[in-house]
Amino acid sequence: IGYEALLRWIHPEKGFIPPSDFIPVAEDSGLILPLGEWVLRSACQHIKQFTERGLLPKDGHVAVNISPRQFHDANLVTVISDLISTTGIESQQLEVEITESLLMENVDSTIATLNMLKQLGIILAIDDFGTGYSSLNYLKRLPIHVLKVDRSFVMDIPKDKDDMEITSAVIAMAHKLGLRVVAEGVEIIEQADFLKENQCDFVQGYYYGKPMSVADLYENIRNFDQWHSSTTGG
């Protein structure tokens, strides 16, 4: 039903540099603004390509994480609106994710920005839910569509009974608030089965696919289609 856009840096001399190393530097220096806009533009362009190639349904989406500095930039709404218009994608095919901790920095300002983004027709999601200190009173006021359960609650399922209880409770609470739920970090079938039993709407993680380039994504899907055709006789 969709993909998540991730940044990876392969340095010609130092090799793989994790986002945890370069994103904070980009955030502090202000480079996160042009970098974040580039990510949004690339995501919208790929949404167009994926849709045209049949790799993304009309109701599918590509999710993009927005950094705190990017979220508070006065031009964010205009940038996203212009990108949707120029690339010709359906607005609901773009999902913007913000972290739970960002929500609590300035709640009223955050809600105002989220309302403007919601008017564009894009999907709004809270990422890493359960790792911050969000108030349920604020949560009910947020104009969001999706709540993403942090992988820290999923990774020890089914060994940790407390994590199982917390995850099932979060799913039930989110559904009561009319939100869809995505569980992150699913790596084994036992986790996927547990989440299905507890009516989690969507899951993502290494069990379904590891981060890969767009070229590798095309190749993986092509190989899957060939395998599926051979096993079904199609």
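Predicted model, so just to flag it, every value in this text is computed and none were measured.

(A) Main features of the overall build of the protein. Looking only at helices and strands, one finds 10 helices and 9 strands in the protein. Each of the three principal axes of the protein carries a C-alpha extent, and together these read 55 × 45 × 40 Å. Split into buried and exposed, the 234 residues of the protein put 39% on the buried side. Of the contacts made within the protein by residues no fewer than 6 positions apart, 67% connect residues no fewer than 24 positions apart. Approximately 13,000 Å² of the protein is accessible, and the part contributed by carbon and sulfur atoms is 53%. Each charge sign in the protein was given a centre, from 19 positive and 33 negative side chains, and these centres are 4 Å apart.

(B) Main features of the pattern of salt bridges. Within the structure shown, the criterion is met by 6 salt bridges. The closest approach of N and O atoms between Arg 41 and Glu 37, which form a salt bridge, is 3.0 Å. Taken as a pair, Arg 41 and Glu 37 lie in helix H2 (residues 32-52) at a separation of 4 residues, close to a single helical turn. For Arg 41, a relative accessible area of 31% corresponds to the partly exposed category.

(C) Focus on the packing of aromatic side chains. For the coordinates displayed, the defined rule picks out 4 aromatic pairs. Aromatic pair Phe 50 and Tyr 218: ring centres 6.0 Å apart, planes at 80°, arrangement edge-to-face. You can see Phe 50 sitting in helix H2 and its partner Tyr 218 sitting in helix H10 (residues 214-232), a full 168 residues away along the chain. Judged on exposure class, the residue Phe 50 and its partner Tyr 218 are both buried.

(D) Structural view of the sheet that holds strand E8 (residues 180-183). Ordered by their spatial adjacency, 7 strands build an open sheet running E1-E4-E5-E6-E7-E8-E9, and the pairing between neighbours is parallel. Only two strands of the sheet have a single neighbouring strand rather than two, namely strand E1 (2-5) and strand E9 (202-203). Bridge analysis of strand E6 (residues 123-129) against strand E7 (residues 146-149) gives 3 bridges, and the strand direction is parallel. By the bridge assignment, Phe 129 is partnered in E7 with Val 149.

(E) Representation of helix H6 (residues 107-119). Here H6 spans 18 Å end to end across 13 residues, near enough to the 18 Å set by a 1.5 Å rise per residue. Burial in H6 covers these residues: Val 107, Thr 110, Ile 111, Thr 113, Leu 114 and Leu 117. The buried residues of H6 occupy an angular sector of 165° when the element is viewed end-on, so they sit on one face. Exposed and oriented more than 90 degrees from the buried face of H6 are Asp 108 and Gln 119. Packed against the buried residues of H6 are helix H3 (68-71), helix H4 (76-87), strand E5 (94-99), helix H5 (100-103), E6 and helix H7 (136-139). Among the residues trailing H6, Gly 121 stands out with phi positive, at a value near 95°.

(F) Broad picture of the side chain of Ser 91. Looking at the element boundaries, Ser 91 is found in the loop between H4 and E5. Taking relative accessible area as the criterion, Ser 91 reaches 16% and is therefore assigned buried. Setting aside chain neighbours within four positions, we find Ser 91 in contact with Ile 84, Leu 120, Gly 121 and Ile 122.

Criteria and cut-off values
- Residues numbered from 1 in each chain as written.
- Predicted model: local features only at pLDDT ≥ 70, side-chain atom pairs only at ≥ 80, totals over all residues.
- Heavy atoms only, no water.
- Helix = DSSP H or I, 4+ residues; strand = E, 2+ residues; numbered from the N terminus.
- Buried < 20%, exposed > 50% of the residue type's maximum accessible area, 1.4 Å probe, protein only.
- Contact = heavy atoms within 4.5 Å.
- Areas by Shrake-Rupley, 256 points an atom, 1.4 Å probe, with all protein chains shown as cover.
- Lys, Arg positive; Asp, Glu negative; His and termini not counted.
- Charge placed at Lys NZ, Arg CZ, Asp CG, Glu CD.
- Salt bridge = Lys/Arg side-chain N within 4 Å of Asp/Glu carboxyl O.
- Phe/Tyr/Trp six-rings, centres within 6.5 Å; stacked < 30°, edge-to-face > 60°.
- Pairing = 2+ DSSP bridges.
- Expected span 1.5 Å × (residues − 1).
- Arc of directions from axis to C-beta.

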